[in-house]
Amino acid sequence: MKKGTLTAAVLLGLCTLSASAKPGKLDALTLSRTVGGRLDDLVVSGTYSYVATGRVVVTWSHAEPSAPVQVSAVEQPASGLLTGLVQVGDYLYASWQTAYGTSGVAVYSLADPARPALVNDVQLDSQNSSIRSIGVVNGSLVLVDVQRGLFVGSLNNPRKPRFKNFEVAPGVEYERTFTDGNRVVLFGKNFTFGTVLTVVDMSDPRSPLALPSFGGIGVDFFDARYQSPFAVTFGMKLSLLDLSQGEPVLRGSVSGPPATTGIVDGEWAYGLGFDGLDVWNIADPDNPLHLQHLAMDTLAADATANVKGGALMLTRTDRFVYLDTSNPKTPKEVGSALLNGSVDAYDAAAVGDTVLLLQQNYGLAVADPKTLKVISRYEFDLPPALQARAFNDMHVEGNLAYLAAWGYGLVIADVSNPQAPVEVSREEFPSAHTVSVEKNRAYVAKNTDGPMFGIIDISDPADPSLLSARPLPYSPAQVDARDDLLYITGYPNVPGDFVGLRILDVSDPSAPVEIAHYNDNCASAFGVAFAPGSELIYLACSNGLHIVDASSPKQPVRVAYVPTPDLADTRINIEARGNRVWYGSGAGVYEIDVTHPKAPKIVGHVELGGYGPVNLRAIGPNRILGLTGTAGIHVMESRAGR
């Protein structure tokens, strides 16, 4: 959706609410900062490292290799998710894109190198754009829009780059942009996941010229690094592409241990795979040699950079690692630290004086409740493959945390000491993505390999057992259990169906029975919350908040409706606390005053760059976390009275 369209839709939604849902003064909710999120480019400047993380730039010092430390983080987010980062003189430039089809460049001043400051945010004049990387050649910025091709940005005024569009190299999402003299080397994937490597000659910046491209199989040429005149690619093979004549020519290409990314340093290349580091000698570009495999934690390595005598490696498992490559045949890890806010947090819970973040790629991150600084990690013993350990949802009950692990099922952890979680047990239910607990049962649901929900006996947490599993004719989004009733929100598998909210009697776990179906203008529902001390349900439908009276569970009735833009997005969720409900989607997070349930009022709104929350969690009386995974954790403060 275009940004203008979305903004208009938001305004239209706010202006056309029914009399019972008129917005109040929209100043109750503020975004204090964003932390964590997807890792992208890593730029080294002296002993500082600048990392594009989610929607902000984070600064690290690696002056002491054995103890890298985060120095600062920009609190104000860019307009979208950062997709690339370059340094030009005293400025950093980060490309970004929103989830509703706009892109641009954020400008950061390095007047204080330890603390970059956001000084401008420029949107490209291009709708439905997708910018996945940024480069610099001859003092000009270079971006490639998958639809409109090359954008070249003049830096005559370094704080206000001005871009001109050239219809060169469209049709590919270029994830890497490298510079070699007057040439730009672009590496990315096309719409069939085939690899494309393109060289653009910019000798005359007024007339960029794309040279013939190289195409390959995406898994064989998965990622690339550049060391003139060679592009070294990592994947199921290690390959060298010679660009000395402009047009890419494949030289050596050898199958080896799989790698998701890598590092190139002179005649050495290091493949970073799922369970270790592979050392290659590339002195002969026609005959790269695999020398050895080193057992090292390289799982989900995402960002790398060379430093003098070493290299930096950042992973989606929240690790910042310094590698010593002074002995190039046997690089070793000499220092590491934890990334703050977590790279891919999907859920959160306040437990004691700690916040537990459910990190999708390993398990639990233990964070300081004020700063969300990650203090420690608990990595569950699951296979070294991201699809086998994707944690999606968490329910904390007493001293136990119940985790829905997509790659396994239900995992139970003891969090009585929240700073040192410990696994208690697990029960198989592959592809589980949502979990709720009541009494002695856990309820899980899944979509992959057939929509289904399961009931698990947890009367002995050390020995859970599956009681029953039932297929569903729709895709479940969230489950929640109360008083022997299971509430399932979902969305249709068949266009035109209305799923909304289903209520099941599960008093007999061997024979659950659906007793009600709420779909009053709610074809798709994604989250459900309960009003404290009442029989009201807050339901997050794709078109807004529905307040439902469920005092008679067999006949739920709508009390009020707060419309928001209707989005075809499964990342919609809800949280309730006291007289406030927070509804989040790609259109942002709305704070809604429900003091009078029949006359709810929108009193606050925060943009999320179009990235809907996987979960919304209140971790204090006035603090709300919007966990978007990729775009990071949005920390919001509610200023409304309670």
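Calculation criteria
Residues numbered from 1 in each chain as written. Predicted model: local features only at pLDDT ≥ 70, side-chain atom pairs only at ≥ 80, totals over all residues. Heavy atoms only, no water. Buried < 20%, exposed > 50% of the residue type's maximum accessible area, 1.4 Å probe, protein only. Helix = DSSP H or I, 4+ residues; strand = E, 2+ residues; numbered from the N terminus. Pairing = 2+ DSSP bridges. Phe/Tyr/Trp six-rings, centres within 6.5 Å; stacked < 30°, edge-to-face > 60°. Lys NZ or Arg CZ within 6 Å of the ring centre and 35° of its normal.

**Things to note about the pairing of strand E37 (residues 409-414)**
Remember that side chains alternate between the two faces of the sheet whenever the strand is regular. For E37, a buried count of five out of six residues is recorded, marking the element as mostly surrounded by other parts of the structure. Note: strand E36 (residues 400-405) against E37, six bridges, orientation antiparallel. In the strand pairing of E37, Leu 403 is matched with Val 411. From the end of E36 to the start of E37, which pair antiparallel, there are three residues. Relative to strand E38 (residues 422-428), E37 is paired through six bridges, and the arrangement is antiparallel. Residue pairing in the sheet places Gly 409 in a bridge with Glu 428 of E38.

**Describing the packing of aromatic side chains**
For the structure shown, the criterion picks out ten aromatic pairs. A ring pair is formed by Phe 214 and Phe 221, whose centres lie 5.3 Å apart and whose planes are at 70 degrees; its orientation type is edge-to-face. A single burial state applies to Phe 214 and to Phe 221, both of which are buried. Counting every residue linked through ring pairs, the aromatic cluster contains Tyr 378, Phe 380 and Phe 391. A cation sits over an aromatic face here: Arg 377 above Tyr 362, 4.6 Å from the ring centre. Above the plane of the ring of Tyr 408 lies Arg 426, whose end atom (NZ or CZ) is 5.1 Å from the centre.

**Quick look at unusual backbone geometry**
Put simply, Ser 228 and Pro 229 share a cis peptide bond, and its omega is 5 degrees. Along the chain, Pro 229 falls in the loop between strand E19 (223-227) and strand E20 (230-234). Despite not being glycine, Ala 300 has its phi angle at roughly 60 degrees, a positive value. In this fold, Ala 300 is placed in the loop between strand E26 (289-294) and strand E27 (301-307). Given the relative accessible area of 7%, Ala 300 is considered buried. Of note in the backbone geometry, Ser 431 takes a positive phi value of approximately 80 degrees without being a glycine. Among the secondary structure elements, Ser 431 is positioned in the loop between E38 and strand E39 (432-438).

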